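# Summary of structural features
Letter by letter, the chains look like this.
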Amino acid sequence: MESEEQAAMTELRLSYRYIKEHPWVVTAVNGFLSAYFMEQPGFRVLRHFDELESGMHVWICEVPGTMKMATLLRRLQADIPPSRYSQVSEGPTNRPQYVVDTLEQR
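Residues numbered from 1 in each chain as written. Predicted model: local features only at pLDDT ≥ 70, side-chain atom pairs only at ≥ 80, totals over all residues. Heavy atoms only, no water.

Attention now moves to the overall build of the protein chain. Helices and strands together make up the secondary structure of the protein chain, namely four helices and five strands. Counting across all 106 residues of the protein chain, residues that qualify as buried make up 41%. Pairs at least 24 apart in sequence give 58% of the contacts found in the protein chain among residues at least 6 apart. Split by element, the accessible area of the protein chain, about 6,400 Å² in all, is 52% carbon and sulfur. (Helix = DSSP H or I, 4+ residues; strand = E, 2+ residues; numbered from the N terminus. Buried < 20%, exposed > 50% of the residue type's maximum accessible area, 1.4 Å probe, protein only. Contact = heavy atoms within 4.5 Å. Areas by Shrake-Rupley, 256 points an atom, 1.4 Å probe, with all protein chains shown as cover.)

Listed below in structure tokens is the structure:
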């Protein structure tokens, strides 16, 4: 039960621009997160939805306190087209958000 208390809610987001360039990547991320769940005890995807306002796909994840999101993101980047990610510390939900986007700044 102690590990459950240390779990944090985190959002993984794919930008609209990235999805538009690589439409299949949403399916790839779903598969990746399912596999990650199988190998990392305590990691769970609680919800996946398409945010209409921004066009982003959002996965709300429960992440164990001992797990580093940077590790998950590096492994994810090996499976998807070239991308960059940024962390937004506080959003409207007050949980960390990691946004995967294209390499180009527009």
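Here we come to helix H3 (residues 25-39). With 15 residues, H3 should cover 21 Å at 1.5 Å per step; its first-to-last C-alpha distance of 21 Å lies within 8% of that length. Considered for burial, the residues of H3 that qualify are Val 25, Val 26, Val 29, Phe 32, Leu 33 and Tyr 36. The arc enclosing the buried residues of H3, seen along the axis, measures out at 120°, which places them on a common side. The exposed set on the far side of H3, more than 90 degrees from its buried face, consists of Thr 27 and Met 38. (Expected span 1.5 Å × (residues − 1). Arc of directions from axis to C-beta.)

Before going further, it helps to spend a moment on the side chain of Thr 10. With respect to the element layout, Thr 10 can be found in strand S1 (residues 8-14). Beyond its immediate chain neighbours, meaning those up to four positions away, Thr 10 contacts Trp 59, Ile 60, Cys 61, Val 63, Met 69, Arg 95, Pro 96 and Tyr 98.

Here helix H4 (residues 69-77) has its buried residues at Met 69, Leu 72, Leu 73 and Leu 76. Down the axis of H4, the smallest arc covering the buried residues is 95°, so these residues share one side. In this fold, the buried residues of H4 make contact with S1, H3, strand S3 (57-63), strand S4 (84-88) and strand S5 (97-101).

Take the nonpolar core next. Formed by 22 residues in total, the largest nonpolar core has its most connected members in Leu 12, Leu 14, Val 29, Leu 33, Phe 43, Trp 59 and Leu 72. Contact partners of Trp 59, with chain neighbours within four places excluded, come to Thr 10, Glu 11, Leu 12, Leu 14, Val 26, Val 29, Asn 30, Leu 33, Val 45, Arg 47 and His 48. (Core = buried A, V, L, I, M, F, W, Y, C linked by side-chain atoms within 4.5 Å.)

An order of S2-S3-S1-S5-S4 is seen for the five strands of this open sheet, with the pairing classed as mixed. Each edge of the open sheet is held by one strand with a lone partner, namely strand S2 (44-50) and S4. Neighbour-to-neighbour, the strand axes of this sheet turn through a mean angle of 20°, independent of strand direction. Pairing between S4 and S5: five bridges, direction antiparallel. Its bridge partner being in S5, Gln 87 is matched across the sheet by Tyr 98. This element, H4, spans S1, S3, S4 and S5 of the sheet and lies at about 155° to S4. (Pairing = 2+ DSSP bridges. Axes fitted to C-alpha atoms, helices over the stretch in contact; angles between N-to-C directions.)

In terms of residue burial, S5 counts as a mostly covered element, since five of its five residues are buried. Pairing geometry for S1 and S5, over four bridges, is parallel. Residue Arg 13 lies in a different strand from S5, and its bridge partner there is Val 99.

This part covers the pairing of S2. Inspection of the sheet shows S2 paired to S3 by six bridges, in the antiparallel sense. What sits directly across from Asp 50, in S3, is His 57.

By themselves, these are just geometric observations and shouldn't be taken as functional.
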